[in-house]
Amino acid sequence: TKRNLPDHFKKYRHVWVFIELERGQVHPVSFELLGEGRRLADQLGVQLAGVVLGPPGDSTRHAVAEAFAYDADLVYLVEKPLLTDYRNESFTKALTDLVNTYKPEILLLGATTLGRDLAGSVATTLLTGLTADCTGLDVDDDGSLAATRPTFGGSLLCTIYTLNCRPQMATVRPRVMRMPQRSNKRIGRVIRHDLRMLEDEIVTKVVGFLSDGQSENANLAYADVVVAGGLGLGAADNLQLLKNLAQTIGGDYGCSRPLVQKGWMAADRQIGQTGKTIRPKLYIAAGISGAIQHRVGVEGADLIVAINTDPNAPIFDFANIGVVADAVSFLPALTEVFIRRLAPGNHIRLVN
Amino acid sequence: MHIVVCIKQVPDSAQIRVHPVTNTIMRQGVPTIINPYDLFALEEALKVRDLHGGEVTVLTMGPPMAEEALRKALTYGADRAILLTDRHFAGSDTLATSFALSQAISQIGNSFDTPDIVFTGKQTIDGDTAQVGPGIAKRLNLVQLTYVAKITSIDLSARAITVERRSEGGTHVLKSELPCLITMLEGTTVIRRGSLDDALRAARSEIVKWNAAEAGIEDITKCGLRGSPTVVKRVFAPTPREQKAVQIDTTEKRVHDIANELVASIFTHQPALQHELSSADSA
Ligand SMILES: Cc1cc2nc3c(=O)[nH]c(=O)nc-3n(C[C@H](O)[C@H](O)[C@H](O)COP(=O)(O)OP(=O)(O)OC[C@H]3O[C@@H](n4cnc5c(N)ncnc54)[C@H](O)[C@@H]3O)c2cc1C
Ligand SMILES: Cc1cc2nc3c(=O)[nH]c(=O)nc-3n(C[C@H](O)[C@H](O)[C@H](O)COP(=O)(O)OP(=O)(O)OC[C@H]3O[C@@H](n4cnc5c(N)ncnc54)[C@H](O)[C@@H]3O)c2cc1C
């Protein structure tokens, strides 16, 4: 921990959050991390900085403004055309250069595909520690970062420290941390940094992007209402019952891992430790036993409803409301009741 | 073409139990398997070899018993297996692991043939960090292609490779160069059943075993616990929720009545939802 830190690392101060900007959009995990970063910075009595890497233009300017709106004290900015698309080479160089110049003590990134790709390279370049997929971040008595993450499929948690190296780096999955309040804080101090790199030095070129498509791209992790099914649904055809309910209540749908393995649902709809973490206002699980690997992905939900034929299913240990029933006959009934309660005039149009 | 595939032997975590009193992991009797994600990397490597010719070398760092995982990989059709094993590696975090593996990969280059592609899995099911692949790439100064869903084309003479990389909300098509490191996504391919010939060959094959020195590692302070900046300080059980679910009474009730009660209960718990759900529906 901090006591044994070599002297040259003692100048590493302040908390940084990497602001993930891709195709013009800031990933919301960046705001969640600014919320956490704020808390850590306040505890340490240091400043919170956002790091924005992007091409010159509106989207980068917007990302800078948003970092302040989510309470950053300052922003480090590298603005270059060759940062238009994410490439490991250019982003790794830009971020490591910043770290080596301004020396943060804590650097947080989202555990997205981009964040994990970048964090691994940056930590190796800096020869420092990187704690993956954390679910809790805290500052110890002596000012060290205590990063907690699930282990062995979520059945245990472990707290990890980075000794004798700086910065202390960690990644956190989207939706694990609470979304903080946005304010109208004005843009503050922006420190611009150069990137000495030419396009020719970057081996990898982005030649295309295939979007998942507008309708399929419903962002499960950020849905307010999620309905999910497990093996208890019995057959792939019954997934339609889930989708009907999800559509009726304006939610998205997902599943437990076995349904992905069976090819019943796409992998990016899997919820849980090796899938997505969700944090909806309402989560309805039908025919899901509630294994620990599933549980860790849904515990942040405000209200968990479980439908299961087995009164002893582990899901009832962490659900708020339980219904011991056959999901296949119960889901259509539930859908109808919702239709009646929510939009009485639409009754005839929606039941078909 | 020479391809190196990194595989890790892991406990079959579906069978791991935690001791209810001591909160320690009960590993005894838990079978070990090849990290399931690594099988997709291995299969992809074998496919590339079958198409372009060359050899596939599998590499693992682990205790002597990790030899089993390598032998299994040979039954799938890998050509050569190397076990990196030394007590100095014990307690490695991802920085130390990627250091040892990258040194071994350089040594593989010296001893056999320089690799054109190094494959790893997306992540393991035990450490689960997805950091070792990027760590190896950086140390060997290889182009890094992570979360690869598909290798679209390889042009050996032009040293060019095109892949589809999974990213948030879609897939990027990337054009890059050999040599490179690829972390392969799961579910991307059907894993072959090894042939009988391969099974026989695997049983007879010599597994190359290297300790740190034999892998060309001079500075062992970069390995194991000493070479690991991260340290696991505390392991503990998650705090259980105090309350069990409120059960909707279902005895002798029609399914519609149960559904009615559930919806009423949902809106009692979260009154705001009533408005939010209905506005979503009429939108
Ligand atoms: C390394 C690792 C990672 C994993 N990651 C994940 C993950 O990210 N997400 C995940 O979900 N799982 C994950 N798993 C798998 C997890 O351990 C469980 O196996 C899985 O969640 C079980 O899925 P299930 O609840 O659908 O199926 P089951 O456990 O088989 O449960 C089915 C449930 O349906 C009930 N049921 C049966 N019939 C009906 C009916 N007609 N109506 C209502 N209920 C009925 C049964 O009582 C039972 O409780 C992982 C496992 C490992 C080893
Ligand atoms: C509970 C727990 C938590 C941990 N948390 C962290 C952490 O946050 N940060 C950290 O730096 N370390 C951590 N470690 C240590 C880490 O698990 C080990 O360094 C491990 O050897 C490699 O990491 P991984 O299993 O996460 O591999 P990943 O990075 O997930 O593996 C990716 C790929 O690399 C290859 N690979 C990985 N290990 C080997 C190997 N030994 N031989 C051959 N190929 C391999 C495989 O192809 C694999 O699919 C943790 C360990 C434990 C037990």
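Fair warning: this is a prediction, and the values are worked out from it, not measured in the lab.

A. Expanded view of the site of ligand 1. Around ligand 1 lies a shell of 27 residues, among which Ser256(A), Gln270(A), Thr274(A), Ser289(A) and Gln293(A) are the nearest. Site remark: ligand 1 is flanked by residues from chains A and B. At 3.0 Å from an oxygen atom of ligand 1 is found a main-chain nitrogen or oxygen belonging to Gln273(A). Within the complex, 80% of the 990 Å² of free accessible area of ligand 1 lies under protein. Those elements giving two or more residues to the shell around ligand 1 turn out to be helix 6 (257-261) and helix 7 (292-298) of chain A. Tallied by class, the residues present in the shell around ligand 1 amount to nine nonpolar, 15 polar and three charged.

B. Highlighting the domain arrangement of chain B. With domains assigned, chain B is organised as domain 1 (2-227) and domain 2 (241-283). Put simply, the middle of domain 1 of chain B and the middle of domain 2 of chain B, counted by C-alpha atoms, are 48 Å apart.

C. Quick peek at the nonpolar core. Core analysis: the largest hydrophobic core is formed by 40 residues, its most contacted members being Ile307(A), Leu334(A), Phe338(A) and Ile266(B). If one sorts the elements of this core by residue count, helix 8 (residues 327-342) of chain A sits on top with eight residues. Sequence-distant contacts of Ile266(B), that is, excluding residues within four places in its chain, are made with Leu282(A), Leu303(A), Val305(A), Ile321(A), Phe338(A) and Leu273(B). Leu39(B), Tyr76(B), Val148(B) and Ile154(B) belong to the second-largest nonpolar core, a separate cluster that totals 38 residues.

D. Structural view of the side chain of Lys122(B). Of note, Lys122(B) is situated in the loop between strand 8 (117-121) and helix 4 (132-140). Residue Lys122(B) is classed as buried on the basis of its relative accessible area, which comes to 12%.

E. A look at the pairing of strand 9 (residues 145-151) of chain A. Residues and elements named next belong to chain A. Of all seven residues that make up strand 9, seven are buried, and the element is covered over most of its length. The alternating pattern of strand 9 places Leu145, Ala147, Arg149 and Thr151 and Ala146, Thr148 and Pro150 on opposite faces, both of which are buried. Where strand 8 (residues 136-139) folds back onto strand 9 in an antiparallel hairpin, the turn is made up of five residues, including glycine 143, whose phi is positive at roughly 90°. The pairing of strand 9 with strand 10 (residues 156-162) spans five bridges and is classified as antiparallel. Counterpart to threonine 151 in the pairing with strand 10 is leucine 156.

F. Inspection of the interface of chain B and chain A at higher detail. Chain B puts 76 residues into the contact, and the matching count from chain A is 86 residues. Interface of chain B and chain A: buried area, both sides summed, is about 7300 Å²; carbon and sulfur atoms make up 58% of it. Summed over the shared surface of chain B and chain A, the result is four salt bridges. The interface formed by chain B and chain A holds 28 residue pairs in polar contact (both at pLDDT 80 or more) in total. For the side of chain B that touches chain A, the elements supplying multiple residues, two or more each, are helix 4, strand 9 (143-155), strand 10 (160-167), strand 11 (170-177), strand 14 (230-236), strand 15 (246-247), helix 6 (255-269) and helix 7 (271-282) of chain B. The dominant element in the side of chain B that touches chain A, judged by the number of residues it contributes, is helix 6 of chain B, at twelve residues. Among the residues making up the side of chain B that touches chain A, the classes are represented as 35 nonpolar, 25 polar and 16 charged.

G. Broad picture of the site of ligand 2. Around ligand 2 sit 32 residues in total, of which Cys6(B), Lys8(B), Asp38(B), Thr94(B) and Thr129(B) are the nearest. Taken together, the residues near ligand 2 originate from chains A and B. Lys8(B) places a side-chain nitrogen or oxygen 2.7 Å from an oxygen atom of ligand 2. Every element with two or more residues in the shell around ligand 2 is listed here: strand 7 (130-134), strand 9 and strand 10 of chain A together with strand 6 (55-61), helix 3 (94-111) and strand 8 of chain B. Residue composition of the shell around ligand 2, grouped by class: eleven nonpolar, 15 polar and six charged.

H. View of the packing of aromatic side chains. Residues and elements named next belong to chain A. Scanning all chains against the criterion turns up six aromatic pairs over all chains. Summarising the aromatic geometry, the rings of tryptophan 16 and tyrosine 76 are spaced 4.5 Å apart at their centres and angled 35° between planes, so their arrangement reads as tilted. Placement of the pair is tryptophan 16 in strand 1 (residues 15-19) and tyrosine 76 in strand 5 (residues 74-79), with a sequence separation of 60 residues. Given the relative accessible area of 1%, tryptophan 16 is considered buried. Connected via pairs of aromatic rings, a cluster forms that spans Trp16, Tyr76 and Tyr102. Arginine 23 extends its terminal NZ or CZ atom over the ring of phenylalanine 209, reaching a point 3.7 Å from the ring centre.

I. The environment of Val10(B), seen in detail. Residues and elements named next belong to chain B. Inspection of the secondary structure assignment puts valine 10 in strand 2 (residues 9-11). Residue classification places valine 10 among the buried residues on the basis of a relative accessible area of 1%. The spacing of valine 10 and valine 208 is 198 residues in sequence and 20 Å in space, taken between C-alpha atoms. Setting aside chain neighbours within four positions, we find valine 10 in contact with Pro31, Thr32, Ile33, Ile34, Asn35, Pro36, Thr124, Ile125 and Asp126.

J. A look at the side chain of Asp93(B). Residue and element names in this part refer to chain B. For aspartate 93, the position within the fold is in the loop between strand 7 (80-84) and helix 3. Here leucine 95 takes part through its backbone nitrogen, which lies 3.0 Å from a polar atom of the side chain of aspartate 93. The contacts of aspartate 93, once residues within four sequence positions are left out, are Gly227, Ser228, Pro229 and Thr230.

K. Expanded view of unusual backbone geometry. Residue Pro167(A) is reached from Arg166(A) by a cis peptide bond, and omega for that bond is -5°. At the junction of Leu178(B) and Pro179(B), the peptide bond is cis and its omega measures out at -5° in the coordinates. On the secondary structure map, Pro179(B) appears in the loop between strand 11 and strand 12 (180-184). For Asp71(A), which is not glycine, the phi torsion reads 85° and is therefore positive. Relative to the assigned elements, Asp71(A) resides in the loop between helix 2 (58-69) and strand 5. Its relative accessible area of 31% is what places Asp71(A) among the partly exposed residues.

L. Structural detail: the pattern of salt bridges. Residue and element names in this part refer to chain A. Evaluated as defined, the whole model comprises 36 salt bridges over all chains. Of the charged contacts in the structure, one is a salt bridge between glutamate 199 and arginine 87, with a shortest N-O distance of 3.1 Å. Pair noted here: glutamate 199 is in the loop between strand 12 (189-192) and strand 13 (205-211) and arginine 87 is in the loop between strand 5 and helix 3 (88-102), with a separation of 112 residues, a long-range link. For glutamate 199, a relative accessible area of 32% puts it in the partly exposed group. According to the relative accessible area criterion, arginine 87 is buried, its value standing at 8%. The partner of aspartate 133 in a salt bridge is arginine 116, and the shortest N-O contact between them spans 2.3 Å. Here aspartate 133 is found in strand 7, whereas its partner arginine 116 is found in helix 4 (residues 113-126), with 17 residues between them in sequence. There is no split in this pair, since aspartate 133 and arginine 116 are both buried.

What counts, and at which threshold
- Residues numbered from 1 in each chain as written.
- Chains lettered and ligands numbered in written order.
- Predicted model: local features only at pLDDT ≥ 70, side-chain atom pairs only at ≥ 80, totals over all residues.
- Heavy atoms only, no water.
- Near = heavy atom within 4 Å.
- Polar contact = N/O pair within 3.5 Å; in protein donor to acceptor, adjacent residues only side chain to side chain.
- Areas by Shrake-Rupley, 256 points an atom, 1.4 Å probe, with all protein chains shown as cover.
- Helix = DSSP H or I, 4+ residues; strand = E, 2+ residues; numbered from the N terminus.
- Nonpolar A, V, L, I, M, F, W, Y, C, P; charged D, E, K, R; others polar.
- Domains from an automatic or database assignment.
- Core = buried A, V, L, I, M, F, W, Y, C linked by side-chain atoms within 4.5 Å.
- Buried < 20%, exposed > 50% of the residue type's maximum accessible area, 1.4 Å probe, protein only.
- Contact = heavy atoms within 4.5 Å.
- Pairing = 2+ DSSP bridges.
- Buried area = accessible area lost by both parts, 1.4 Å probe.
- Salt bridge = Lys/Arg side-chain N within 4 Å of Asp/Glu carboxyl O.
- Phe/Tyr/Trp six-rings, centres within 6.5 Å; stacked < 30°, edge-to-face > 60°.
- Lys NZ or Arg CZ within 6 Å of the ring centre and 35° of its normal.

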